[in-house]
Structure formats: structure tokens, C-alpha cells
Amino acid sequence: MGQKVELACIIDDDKIYVNLVKKIIEIKKLSENLLIFKNGMEALDHFKLILENATEEILPDIIFLDINMPIMDGWEFLNEFIKIKNNFEKKITLYVVSSSIDPRDLERAKSFNLVTDYLIKPIELKKFEKIFDRNGHAAA
Amino acid sequence: MLNDLQLNSILEDFDIAYWKINLLNKEVSWSEHFDTLIGKPEFSESHFEYFLKEILHQDYRYDFRLYFDKLTEENEAFSIELKLKLSNGKYRWFECRNLKNKENNKETAVLLFVNIHQSKRDQYTIEENFFYYRETAQMTNTGGWYIDTLNKNIYWDNVTKKITDCPLDYQPPYEEHFRFYAPEEHPVVMSAFEKCEKYGIPFKIELKMRNLYNKDFWVRATGKPVYNEDQDIIGIRGVFQDINEQKVNELNLQNSLDIIATQNSRLFNFAHIVSHHLRSHSSNLCLIVELLKEAKTDTDKIELIPNVADISENLDLAINQLNNIVNKQSILRKERRIVSFEKALSGVMASTSSLINRENAKIVAEFHALKEISYIPEYLESILLNLITNAIKYKHPGRKPVIYIQTYVKNETPFLEVSDNGLGIDLDQYGDKMFGMYKTFHKNLDSRGIGLFITKNQVETLGGSISVTSTVDVGTTFKIKF
């Protein structure tokens, strides 16, 4: 196992899914801390606050972004995130995670440079470990 | 005076043959040219009998004998068109008339035979062509017209008058002939006529005309410039073809196509929802199973059980919702009936009375302009229900919800408007998603994002459309065009 991820972030409105992933991360000790947002807007507002130095909190190393969410969905979040990501000093790895197996969603996700990969739910435990591990190596 | 020989040669040049009739014994002798025409035959009977039997077409025998007798007995003049069999064995048209007897000659009469075959044939051709033209015009409902731009006159043929429902003696007014075009077509028609009159550009357009009784119908219209000898444009000539039936069919077909296309996209959407919404629950189940496998202690395992309960509940809810959609769609088979808006609304208000009372909502309805409509009753109730509960759900926190419902008719189309004083929504941001399935814009817990999707489906299934206008913090208006 490589270096541990310091802060992972999940943007997803499915409470059950979020709970389960939280458990996985806890059990496997994949990340020290976990940031959870119910939709794109909450996440975006938080990141903007960090940029304005209005909070002591830090940016996550890795983001898992759901597509279908109320208020601001994954696509809208990506469009907004592009505008501010150059202001970040840290490299953030972003995965789009969705239960959609629609190839159009896959294509659309890949059209964003900042999207590392499109992951289809459910993500197997081993896959989770790999993602966090690879991230550790990359950061090292 | 010309002598016989000179006269003969002139007559021959004009292809005119003649008979001399001895009025005393009724004996006939014919000119050399006549003899040549019929092939110099040899015969034993009298000229007259031979002529009747062999030369004259049988259709004219009776009439000719009658005229001949009257001429010889009562000296009565006549003129008849008849067919003679010539030397080549073919019948040709001749005009036969007797020469006026100037000198009161009681002994001889002269019958002239003038070849009129060519003119007769031209006449037939013209009649024939005219017949075809008329039959074609009537069968295809194509009328001719001419606009004399110089003298400002309009001429219509009978078919044009028929397709515009005008009496046959109707004289179309030059200044007001635009009344025969649907108002929305005026710019197109004006530009077509103007370009043709000024620059000689012909036109061929499909447009909506308006008959004498202001009923609109579709025509295909062509127009071409008419020039005088100096190549100046003096008028426009063309035809109107009544294509209303085809056009209406075409429009219906297009409408059906549109419906099929929307049904298709709905099915696509449905498949997407099934795959997406059901998958999210099944994938959670998979995760739990993995976690159960990983769990080391019984406590860890038991901790996961509430999650299973949640997932199964959500899965059940999702399936019920999908089932709901399918049920709504199957109402399609029901028939339209005359539904009163008042009644539909009171039904909806009765079923939502608890919600209305709880939120202290005020519903104002104005159905004076349009009291009822031919619609599927279940659809109308479902539409009203969805829009009303929607308005109450997204009420403004600072005020009691007021919902204003209104029906009216505009351009012969019925409309229903439902306005509220609620939260409003930023349409620039969410407009295109407004009616999508599972789109929720507010943080309300009970927003499922399915009502508007169903409403849109119902409206469109019956050939209407729904649009929305909204201002954040002021309110929202849904407008349904039936």
C-alpha cells in the first residue's frame, strides 16, 4: 500500500451509498478524513470558501462525483469546477461515479479533461483500494 | 367574265369541286376535280345513286337526300358538313352548299364541295384538348386566374370560383383580392406578386387561402408573368390547385410522426430511468453484500442490516413510481369526453383538501371564458392535481400560497393557466430540465420530480403543449395549450 490519502470527498445525494462508502473507507482505512456533500452546489460553495481563505479547511486529494443530484447535478458541478480549478495549488483527482450505464453519460464524462475516469456503481472493494493506492503513488 | 376553263382551274386551286344538277330530270354531273378526288370510278348506276352508296359516309345519307330533294323540288338552299370517301379509301370532311342562282335559272343548280378537313381537324383537336384541360382542372381542382396589372382587373375561371366558394358570376375585386388569402400569408403573397409583376420572376408556392365565407384552405399556387409585344409585363397568369385534403392529411401525418417521436423519446427516457434509478439501488445492495463478506464481527454485520431495510424500501418506492408512470400511460386507450373544468377542479380539491387546509392555500378559478373541453377526464384531473400540489409544495416560506387558475380561448385554441405566488425558479438555469423525470430543484424532502414529467406527457399525448414562465421569489405560471 502506498501513502494514505489525506482527504477524500464524496458528492452524492444517495445517503445509503454514502454510508456504505464511508464504512468501506473506515474499514479499509483508505483515507484519514472524508468530506461529504449532498449535491454539487454544496461542494462548490465549500471549495469557493477555501479559495477565498474564509475557512481553515483544506482541499481534498480525491473527489467522487455523482451525476444525478438535485439542485446542482454532476455536469453542472463540472462546468463550474473547471472555472475555479486553476486557482487550486493542489492536484485533485476527480472520478465521476454513477449507476448510469448509458454510453452517452460515459462519453460526456470523458469529454472533461479533469475527469480521471468514469466509474459505474457498484464499485467493488478491490477497485476502491486500487484507486486510493494509485492516488497515493501519484502523490508520492 | 371568266370562262369555264379559267373558273375550273381557280376552283381546283382552292380544292373546291362541284356538281351540276339538271333541275328538270334531276340528273347530276360532276366536275373533273370531283372525279379526281374520288378516284375516277366507273359505275353503271346514276351519279347520285353511286354517290350516296359509295362516296358519302352513311351517317349523312338521310340528311343529304332530304336537302337534295328540297333543292331540286322547292329550290331551297342548304349547307351541310359531311364526310366523303376519297380515292385513298379514307373519309375527309367537306362542306357542301349550293351556289345561289342569280339569273333565276330554273334549269340547273350548282353544288360546291369545299375541303374543310384541316380546319375541322384543328377544331376537333382544340375541342379535345379543351376537354382534357377541363377534365384535368376539375379532377385536380385546379383553377386558372389572370391579373391584368395594367388595367387592374382580375379574371378567374369557373374552377377558381368553385374552390373559393364564389358564385359563377362573381367578379373578384382587384383592390381587395387579398381577402382571399389567410392574413398570415399576406407578406408571402404580396412579395410573390410584386416580384413577378416587377421583375418577371415566376412563383410556385403552397399557401393558405380564404374562401368567400372566410374558411381557410390550402392551395398550391403558380404564377408567371405575361408580356406584351414590347416585352413589358402586363399581367400575371397562373393556377391555384386546391390541395387542402392532401395538406391536411400531410399535417395530420406530421402530427402523428411528432407524437410517435415524443412517445419514442419517452420510452427512451423510461428505459434510462429504469436502468438508472433501479440500478442505483441494486448497486447499493451489491456493496452491502461485499461489506457483509468483509465484516469480521457479528456486530459489524448487524450494523449493516438497517441499510438493507432502507434499500429495500427505496427499491419498492422506485418500482411503485415506475408502475405509476406505466399506469398513467395506459389511460391513453380511454376516450375523450366533454369535461367541465369546474367539476375537474372540485374533484382535485376534494382529494387534496388536507394539503390545502394545512398550508392554508387559496385557490381562485376563472372558467368563464372556457367552461369545458373535450379531454380525457382522468388526464385533466391529474394535470390540475400535479400543478396544484406543485404550487403548494414550492410555496414561498413568507406567504400563504395563492393559486390562480384560468381558462381562455385564443386564436381558436383553448388554454389553461395555473399561476402561483411561490418560490419561483431560475429558468435560465433549470428551464430545459423542468419537465424531465426525477429532476428536483428544491431541497424539499417530498419532491420526487415526477409530477411535471407526467403532466407534460399527458398534455403532449393529447396533442397539446405546456410551457412555463417564472420569476424567483415571485411565482410561477404554467400554460397549457390544448
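Residues numbered from 1 in each chain as written. Chains lettered and ligands numbered in written order. Predicted model: local features only at pLDDT ≥ 70, side-chain atom pairs only at ≥ 80, totals over all residues. Heavy atoms only, no water.

1. Topic: the overall build of chain A
Condition: Each helix is a run of DSSP H or I of at least 4 residues and each strand a run of E of at least 2, with the numbering of both proceeding from the N terminus. A radius of gyration in this sense is built from C-alpha atoms; the matching globule rule multiplies 2.2 Å by the number of residues raised to 0.38. Burial status follows relative accessibility: with a 1.4 Å probe on protein chains alone, a residue under 20% of its type maximum counts as buried, one over 50% as exposed, and anything between as partly exposed. Note on contacts: a residue pair qualifies if any of its non-hydrogen atoms lie within 4.5 Å across the two residues. Each accessible area value is a Shrake-Rupley result obtained with a 1.4 Å probe; residue values ignore everything except the protein chains displayed when judging cover.
Along the backbone of chain A there are five helices and five strands. Counting from the amino terminus, helix and strand elements in chain A follow one another as β-α-β-α-β-α-β-α-β-α. Taking 2.2 N^0.38 as the reference for a compact globule, 140 residues should give roughly 14 Å; the C-alpha atoms of chain A span a radius of gyration of 14 Å, in line with that estimate. Each of the 140 residues in chain A was classed as buried or not, and the buried ones make up 52%. Expressed as a percentage of contacts within chain A between residues at least 6 apart in sequence, the contacts between residues at least 24 apart total 71%. Just so you have it, chain A exposes about 7000 Å², and 47% of that area is on carbon and sulfur atoms.

2. Some points on the packing of aromatic side chains
Filter applied, for reference: Think of it this way: a Phe, Tyr or Trp ring, Trp meaning its six-membered ring, pairs with another when their centres are within 6.5 Å, and the plane angle makes it stacked under 30 degrees, edge-to-face over 60, tilted otherwise. Consider the ring centre and the ring normal. A charge sits over the ring if Lys NZ or Arg CZ is within 6 Å of that centre and within 35 degrees of that normal.
Summed over the entire model, instances satisfying the criterion amount to 46 aromatic pairs over all chains. Ring plane angle 65 degrees and centroid distance 5.6 Å describe the contact between Phe131 of chain B and Tyr132 of chain B, whose orientation is recorded as edge-to-face. Overall, Tyr132 of chain B belongs to the partly exposed group, its relative accessible area being 48%. Put simply, the rings of Trp19, Trp30, Phe34, Phe43, Phe48, Tyr50, Phe51, Phe64, Tyr67, Phe68, Phe78 and Phe113 of chain B touch in pairs and so form one group of aromatic residues. We note Lys121 of chain A situated over the ring of Tyr17 of chain A; from NZ or CZ to the ring centre the distance is 4.0 Å.

3. Describing the nonpolar core
All names here are of chain B. Which entries qualify depends on this criterion: We define a nonpolar core as any set of buried Ala, Val, Leu, Ile, Met, Phe, Trp, Tyr and Cys residues linked to one another through side-chain atoms lying within 4.5 Å.
If you look at the biggest cluster of nonpolar residues, it comprises 37 residues, and the most contacted ones within it are Tyr375, Leu380 and Ile405. It is helix α12 (residues 377-393) that provides the largest number of residues to this core, a total of eight residues. What Ile405 contacts, discounting residues up to four positions off in sequence, is Leu345, Ile363, Val364, Ala365, Glu366, Phe367, Leu384, Ile388, Leu416, Glu417 and Val418. Counting residues in hydrophobic clusters, the runner-up holds 36 residues, among them Trp19, Ile21, Phe68 and Cys96.

4. What about the sheet that holds strand β9 (residues 216-227) of chain B?
Residue and element names in this part refer to chain B. Convention followed: DSSP-based pairing: two strands are paired if at least 2 bridges between them are found. With axes taken as lines fitted to C-alpha atoms, and helix axes fitted only over the stretch in contact, angles between N-to-C directions fall between 0 and 180 degrees.
The five strands lie next to each other as β7-β6-β10-β9-β8, forming an open sheet whose pairing is antiparallel. One side of each edge strand has no neighbouring strand; the edge strands of this open sheet are β7 (153-156) and β8 (203-210). For this sheet, the mean angle separating the axes of adjacent strands, direction not counted, is 25 degrees. Sheet topology note: the strand β6 (residues 142-148)/strand β10 (residues 233-242) ladder contains seven bridges and is antiparallel.

5. Details of the interface of chain B and chain A
Interfaces are often sized by the accessible area lost when the parts come together. Quick reminder of the rule: Joining two parts hides part of their accessible area as seen by a 1.4 Å probe, and the buried area is that hidden amount summed over both. Criterion for a salt bridge: a side-chain nitrogen of Lys or Arg within 4 Å of a carboxyl oxygen of Asp or Glu. Throughout this description, a polar contact denotes any pair of N or O atoms lying within 3.5 Å of each other; where both atoms belong to protein, one of them has to be capable of donating a hydrogen while the other can accept it, and for residues adjacent in sequence the pair is counted only when both atoms sit in side chains. Each residue receives one of three labels: charged for Asp, Glu, Lys and Arg, nonpolar for Ala, Val, Leu, Ile, Met, Phe, Trp, Tyr, Cys and Pro, and polar for the others, Gly being one of them.
Contact with chain B, which involves 28 residues of that partner, is made by 28 residues of chain A. Across the interface of chain B and chain A, roughly 2500 Å² is buried in total on both sides, 57% from carbon and sulfur atoms. Counting across the chain B and chain A interface gives one salt bridge. The tally of links from chain B across to chain A stands at five residue pairs in polar contact (both at pLDDT 80 or more). Where the side of chain B that touches chain A is concerned, the elements lending two or more residues are α8 (244-294), α9 (298-330) and α13 (427-430) of chain B. No other element matches the 14 residues that α8 of chain B contributes to the side of chain B that touches chain A. Of the residues in the side of chain B that touches chain A, the class split is nine nonpolar, eleven polar and eight charged.

6. Observations regarding the packing of helix α3 (residues 47-55) of chain B against helix α4 (residues 61-74) of chain B
All names here are of chain B. For clarity, the threshold we go by: Geometric relationships in this document are graded by angle, where less than 35 degrees denotes roughly parallel, more than 145 denotes roughly antiparallel, 65 to 115 denotes roughly perpendicular, and other angles denote oblique. Crossing chirality is assigned from the near helix's rotation relative to the far helix, an anticlockwise turn below a right angle marking it left-handed and a clockwise turn marking it right-handed.
Running from amino to carboxyl end, α3 crosses α4 at an angle of 155 degrees, the nearest separation of the two axes being 10 Å. Classified by the interaxial angle, the pair formed by α3 and α4 is roughly antiparallel. Crossing angle aside, the handedness with which α3 passes α4 is right-handed. Listed contacts from α4 to Phe48, Glu49, Phe51, Leu52 and Lys53 of α3 are Arg61, Phe64, Arg65 and Phe68. A class-by-class count of the residues in the contact of α3 with α4 yields five nonpolar, no polar and four charged.

7. Concerning the pattern of salt bridges
Scanning all chains against the criterion turns up 20 salt bridges over all chains. With a shortest N-O distance of 2.8 Å, Asp12 of chain A and Lys121 of chain A are connected by a salt bridge. Here Lys121 of chain A lies in the loop between β5 (115-120) and α5 (125-139) and Asp12 of chain A lies in the loop between β1 (5-11) and α1 (15-28), a separation of 109 residues in the sequence. Ionic pairing is found between Lys26 of chain B and Glu73 of chain B, a salt bridge with its closest N-O pair at 2.8 Å. Residue Lys26 of chain B is located in the loop between β1 (16-22) and β2 (27-30), and its partner Glu73 of chain B is located in helix α4; the two are separated by 47 residues in the primary sequence. The partly exposed category is assigned to Lys26 of chain B, whose relative accessible area is 33%. Judged by relative accessible area, Glu73 of chain B falls into the exposed class, the value being 53%. Each of the salt bridges in this network shares a partner with another, and the network as a whole consists of Glu206, Arg220, Lys247 and Glu250 of chain B.

8. Re unusual backbone geometry
Residue Lys121 of chain A is joined to Pro122 of chain A through a cis peptide bond whose omega torsion reads 0 degrees. Within the element layout of this structure, Pro122 of chain A appears in the loop between β5 and α5. Even without being a glycine, Lys152 of chain B presents a positive backbone phi close to 55 degrees. Among the secondary structure elements, Lys152 of chain B is positioned in the loop between β6 and β7. Notably, Asp473 of chain B is not glycine yet its phi reads approximately 70 degrees, a positive angle.

9. Re the side chain of Ser31 of chain A
Residue and element names in this part refer to chain A. Along the chain, the position of Ser31 falls in strand β2 (residues 31-37). Here Ala8 takes part through its backbone nitrogen, which lies 3.3 Å from a polar atom of the side chain of Ser31. One polar contact links the side chain of Ser31 to the main-chain carbonyl oxygen of Asn33, over a distance of 2.7 Å.

10. Digging into the environment of Arg108 of chain A
Tracing the chain through its elements places Arg108 of chain A in helix α4 (residues 103-110). Along the primary structure Arg108 of chain A and Tyr118 of chain A are separated by ten residues, whereas in three dimensions their C-alpha atoms are 9.7 Å apart.

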